[in-house]
Amino acid sequence: QKALFITALLAPIRCNLALIEQAPKSATKIRESERIQSPLSFQFDALTQSLEQGIGRPRAVWDCYRIGIDPLWFYDESITDSQLDGSVHRVLKQQGGGGGEAKSFTRDSLKMLITKKRREQGLGKAALETLRKIGGEPIEESIATIRDISVARDGTTKLLVHLVESGFDVETVIIPWEETGRSTLCISSQVGCAQGCTFCATGKMGRLQNLSSDEICAQVFLARKVCRVLDIYPVDGVVFMGMGEPADNAANVVRAADVLTSQDQFGMAQRKVTISTVAPTPDAFMELGQANTMLAWSVHATTPELRKELVPTTKYSMNELRRGYLDALKTRPMKLRTTMLEVVLIDEINDSEKDADHLAQFVQEMIDEVPGMKPMVNLIPFNDIGFQKFRKPKMEQVWAFQKRLTSRGIKCFIRSTRGDEESAACGQLATKRKPAADKEPAVN
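Residues numbered from 1 in each chain as written. Predicted model: local features only at pLDDT ≥ 70, side-chain atom pairs only at ≥ 80, totals over all residues. Heavy atoms only, no water.

Draft legend 1. Broad picture of the pairing of strand β11 (residues 374–381). The buried count for β11 comes to seven of eight residues, which makes it a mostly enclosed element. Across eight bridges, the pairing between strand β10 (residues 338–345) and β11 is parallel. Across the sheet, Thr338 pairs through a bridge with Lys374, a residue of β11. In this view, the connection linking β10 to its parallel neighbour β11 by way of helix α15 (residues 353–369) has right-handed handedness. Two elements, β11 and strand β12 (residues 411–414), share four bridges in a ladder whose sense is parallel. (Buried < 20%, exposed > 50% of the residue type's maximum accessible area, 1.4 Å probe, protein only. Helix = DSSP H or I, 4+ residues; strand = E, 2+ residues; numbered from the N terminus. Pairing = 2+ DSSP bridges. Right-handed = clockwise from strand over helix to strand, strands pointing away.)

Draft legend 2. Seen up close, the environment of Phe285. In this fold, Phe285 is placed in helix α12 (residues 284–288). It is 9.8 Å that separates the C-alpha atoms of Phe285 and Ile275, two residues lying ten residues apart in sequence. For Phe285, the residues in contact, after removing those within four places along its chain, are Thr277, Ala279, Leu295, Trp297, Leu321, Gly324, Tyr325 and Ala328. (Contact = heavy atoms within 4.5 Å.)

Draft legend 3. Broad picture of the pattern of salt bridges. All told, the structure shown has 24 salt bridges when counted by the stated rule. Of the charged contacts in the structure, one is a salt bridge between Arg147 and Asp169, with a shortest N-O distance of 3.1 Å. Taken together, the residues span a long stretch of sequence, with Arg147 in strand β1 (residues 144–151) and Asp169 in strand β3 (residues 169–177) at a distance of 22 residues. The class for Arg147 is partly exposed, based on a relative accessible area of 26%. With its nearest N and O atoms 3.6 Å apart, the salt bridge here joins Lys158 to Glu171. Taken together, the positions of Lys158 in strand β2 (residues 157–163) and Glu171 in strand β3 put the pair 13 residues apart, joining distant regions of the chain. A single salt-bridge network, built from bridges that share partners, covers Asp85, Glu140, Lys225 and Arg228. (Salt bridge = Lys/Arg side-chain N within 4 Å of Asp/Glu carboxyl O.)

Draft legend 4. Seen up close, helix α11 (residues 250–261). The terminal C-alpha atoms of α11, which comprises twelve residues, lie 16 Å apart, in line with the 16 Å expected from a rise of 1.5 Å per residue. Here α11 lies mainly inside the structure; nine of its twelve residues are buried. Residues of α11 that are buried make contact with α3 (56–65), α10 (213–229), β7 (235–240), β8 (273–277) and α12. (Expected span 1.5 Å × (residues − 1).)

Draft legend 5. Examining the packing of aromatic side chains more closely. If you walk through the whole model with that rule in mind, you get nine aromatic pairs. Here the aromatic residues Trp62, Tyr65, Phe221 and Phe266 are joined through ring pairs into a cluster of three or more. Of note, Arg107 hangs over the ring of Phe74, and the distance from its end group to the ring centre comes to 6.0 Å. Directly above the ring of Phe105 sits Arg228, whose terminal nitrogen or CZ lies 4.8 Å from the centroid. (Phe/Tyr/Trp six-rings, centres within 6.5 Å; stacked < 30°, edge-to-face > 60°. Lys NZ or Arg CZ within 6 Å of the ring centre and 35° of its normal.)

Draft legend 6. Structural context of the pairing of β7. Extensive coverage of β7 is indicated by the burial of five of its six residues. Taken together, the four bridges between strand β4 (residues 182–186) and β7 define a ladder with parallel strand orientation. If you follow Leu185 over to β7, its bridge partner there is Val238.

Draft legend 7. Representation of the layout of surface pockets. Size it by volume and the largest pocket reaches roughly 300 Å³. Elements with a contribution of two residues or more to the lining of the largest pocket: α10 and β7. For the lining of the largest pocket, the element with the highest residue contribution is α10, accounting for three residues. (1 Å grid on protein atoms, 1.4 Å probe; cavity = no way out; pocket = protein on both sides within 12 Å on 5 of 7 lines; lining within 4 Å. Points joined across faces, edges and corners; volume = space filled by probe spheres on them.)

Draft legend 8. Spatial organisation of unusual backbone geometry. The phi dihedral of His300 falls on the positive side, at around 70°, and the residue is not glycine. Assignment of secondary structure puts His300 in the loop between β9 (294–298) and α13 (304–310). Assessed through its relative accessible area of 4%, His300 is described here as buried. Although it is not a glycine, Glu348 sits at a positive phi angle of roughly 60°.

Draft legend 9. Representation of the side chain of Arg332 within the structure. Mapping Arg332 onto the fold places it in the loop between α14 (318–330) and β10. One buried charged side chain, Arg332, makes no salt bridge at all; its nearest oppositely charged neighbour is Asp258, positioned 8.6 Å away. Look past the residues within four positions of Arg332 in its chain and what remains in contact with it is Gly289, Ala291, Asn292, Thr293, Met294, Leu295 and Arg337. (Lys, Arg positive; Asp, Glu negative; His and termini not counted.)

Draft legend 10. Geometry of the packing of α14 against α15. Between α14 and α15, whose axes approach to 11 Å, the crossing angle comes to 35°. Here α14 and α15 pass one another in a crossing that is right-handed. Across the interface between the two elements, Met318, Arg322, Arg323, Tyr325, Leu326 and Lys330 of α14 pack against Phe362, Glu365, Met366 and Glu369 of α15. Considering only residue class, the contact of α14 with α15 consists of five nonpolar, no polar and five charged. (Axes fitted to C-alpha atoms, helices over the stretch in contact; angles between N-to-C directions. Left-handed = near helix turned anticlockwise from the far one by under 90°. Nonpolar A, V, L, I, M, F, W, Y, C, P; charged D, E, K, R; others polar.)

By themselves, these figures tell us nothing about what the structure is for.
Now the structure itself:
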């Protein structure tokens, strides 16, 4: 519970990343990519079977992925040390050295980050060739690479991640925390979003592309590279709260989440990975609940009229959605029943005492039904996205809303704003990148 408290209170809940003008308006079809593009999202057992040489070599592969190094480069003697983190240094050089003092790593210094007993093991030519056959080109040549890095005064670091196949860009945000000496990573599951939340810049785009499980995992791979090179606190938690609705890309999200929490792969604690959904359907919770992670529900309002105003694609009543949420929680082990409900507070829209009372009753009915359920409400003050109808609430009103909930026994935290001067705060992230001229948008 303490770990989820940190995630709930500090994580960049619902980054709502937007890529306005990124793709032509004609690109309305969706790339439904569920194929595996690289070993980055293989199940560990499948990778072991593919390499056919015991468990040591697949672990050597993941020793590299875990620190943001491609094993196809690390174990290839024709690749120089400077090429291993070349993408980060290249971007920083293009930006005039911005983003802090970058470290340079040699193979020998990288080996010191690997489990001691495998530092001198190597991969072997046969295993390296097999890895090339099953994985194709290196990650940064075939899946995703870094196009831009911006760092806010508070250390929040925004990455513009370029998707190689489609030419689209997505934004990924690293949020370092002095309190823990670790960072939380906010990642995207789609380019755009079909849910159309009226307070979210991403909702203006529609849905353009589902990210493959490799493209989702690549954001973590690249973030760990950046943290290492720029000496940012290492990423030990991930929130699926960036661009896109995870339930609309559930298969890839669940597969990626399994890779994140596998102790043979990225090795994150289950309670440190959170998948958040606005819940397009009651079944969304059960589908996403297949992942051994925490579940969060972007509620925003509990009265039907107001919820419909904020989430216009809502087709089900809040009682129907809550039933789906509770049914999913009942199937989960006790340790994964600690959950989070998110509310973006908007001035004079959903921040009244009456709204707080209605939310408290809504949550209490959930607590009464599910044994072991430990919900907490995460209040997110609205960040300006240039929409005149909505305004940031006064902090006095946010505190009053929190007090109203806590007085009724509901745990409630206020999410701190991070990275706002670099447009990296909740709801502010936006780029104007378009797919490369020589690439058509990836559609099926």
